[in-house]
Amino acid sequence: FIPSWLAGTFFWLFSSLILAAQSFDEFQLINSATNGSIRTLTDAAVVNVHSGADGSALNIEAKVTGSPGSVRFLLSGAESETRNENVAPYALKGDSSGNFVSWTPTVGNYTLTAEVYSGSGAGGSLLDSQTIQFSVINQADTTPRSLTVTNGIGSGTYAPGTVVNISANAPP
């Protein structure tokens, strides 16, 4: 026999531990053409939608610990959206059976919040949240590249896209 006050304490402790195990980890910038991660999206990040950079087939995934009931996305800035995701992957623009929906964000500044809830449809308890700000640009990479050859001749600076032929001979 367990007294009701003690049973209530165990229930509260157990449910608190379960809820605490469901939390926000990070935002991932996703290449929706390949469903692969480009990088972790952190506060003050810059996303470049130019074809030679991050590209234009994007999405943002909220990585979470545990199996929460849902994740709500709140996007404001150059574009605005509120979206509830009830099953992983939790994606700002959604997915179809794990295939991320493609999104080309409008150039500008954004604020993104992900809220982790215990229930579906952003119901139940708010377990965790994270907010970041990021910017979207569309700019070609014009950074010169350098090439240095050791034990040989040839060094210089080359513009992006320049074809450089390299050959090697076996040592004598």
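It should be noted that the structure appears before, not after, this text.
Predicted model, so just to flag it, every value in this text is computed and none were measured. (Residues numbered from 1 in each chain as written. Predicted model: local features only at pLDDT ≥ 70, side-chain atom pairs only at ≥ 80, totals over all residues. Heavy atoms only, no water.)

**Q** Explain the nonpolar core to me, please; I cannot follow it from the model alone.
**A** What tends to happen in soluble globular proteins is that the nonpolar side chains get buried as a cluster. Core analysis: the largest hydrophobic core is formed by 24 residues, its most contacted members being Phe 27, Leu 41, Ile 60, Val 71, Phe 73, Leu 112 and Phe 134. Of all elements in the fold, only strand S1 (23–31), strand S3 (45–48), strand S4 (58–65), strand S5 (70–77), strand S10 (108–117) and strand S11 (126–137) reach the threshold of two or more residues within this core. For Val 71, the contacting residues outside a window of four places in its chain are Ala 62, Val 64, Arg 83, Asn 84, Glu 85, Tyr 90, Ala 114, Glu 115 and Val 116. (Core = buried A, V, L, I, M, F, W, Y, C linked by side-chain atoms within 4.5 Å. Buried < 20%, exposed > 50% of the residue type's maximum accessible area, 1.4 Å probe, protein only. Helix = DSSP H or I, 4+ residues; strand = E, 2+ residues; numbered from the N terminus. Contact = heavy atoms within 4.5 Å.)

**Q** Help me understand the side chain of Gln 22, please; the structure alone is not making it clear to me.
**A** Mapping Gln 22 onto the fold places it in the loop between helix H1 (4–20) and S1. Contact partners of Gln 22, with chain neighbours within four places excluded, come to Thr 65, Gly 66, Ser 67, Pro 68, Gly 69, Val 116 and Leu 127.

**Q** Explain the environment of Thr 104 here, please?
**A** Relative to the assigned elements, Thr 104 resides in the loop between strand S9 (99–100) and S10. Residue class for Thr 104 comes out partly exposed when judged on its relative accessible area of 46%. Remark: the alpha-carbon pair of Thr 104 and Ala 57, spanning 47 residues in sequence, is separated by 5.8 Å. Ignoring sequence-local partners within four residues, the contact set of Thr 104 consists of Ser 56 and Glu 79.

**Q** It is not clear to me how the pattern of salt bridges should be interpreted in this structure. Could you clarify?
**A** Where charged atoms of side chains with opposite charge meet at close range, the side chains can pair. If you walk through the whole model with that rule in mind, you get four salt bridges. Among the salt bridges present, the one from Lys 63 reaches Glu 61, with a minimum N-O distance of 3.6 Å. The class for Lys 63 is partly exposed, based on a relative accessible area of 35%. The partner of Glu 81 in a salt bridge is Lys 93, and the shortest N-O contact between them spans 2.3 Å. On the criterion of sequence distance, the pair formed by Glu 81 in strand S6 (residues 81–85) and Lys 93 in the loop between strand S7 (90–91) and strand S8 (95–96) is long-range, its members being 12 residues apart. Given a relative accessible area of 17%, Lys 93 falls into the buried group. (Salt bridge = Lys/Arg side-chain N within 4 Å of Asp/Glu carboxyl O.)

**Q** Would you explain the packing of aromatic side chains in this entry?
**A** The way to describe two aromatic rings as a pair is by their centre distance and the angle between their planes. Summed over the entire model, instances satisfying the criterion amount to three aromatic pairs. On the basis of an interplanar angle of 10° and a centroid distance of 5.1 Å, the ring pair of Tyr 110 and Phe 134 is categorised as stacked. With Tyr 110 in strand S10 and Phe 134 in strand S11, this pair connects stretches of sequence that are 24 residues apart. Comparing Tyr 110 with Phe 134 shows no difference in burial state: the two are buried. Through a chain of ring-to-ring contacts, three or more aromatic side chains come together here, namely Trp 103, Tyr 110 and Phe 134. (Phe/Tyr/Trp six-rings, centres within 6.5 Å; stacked < 30°, edge-to-face > 60°.)

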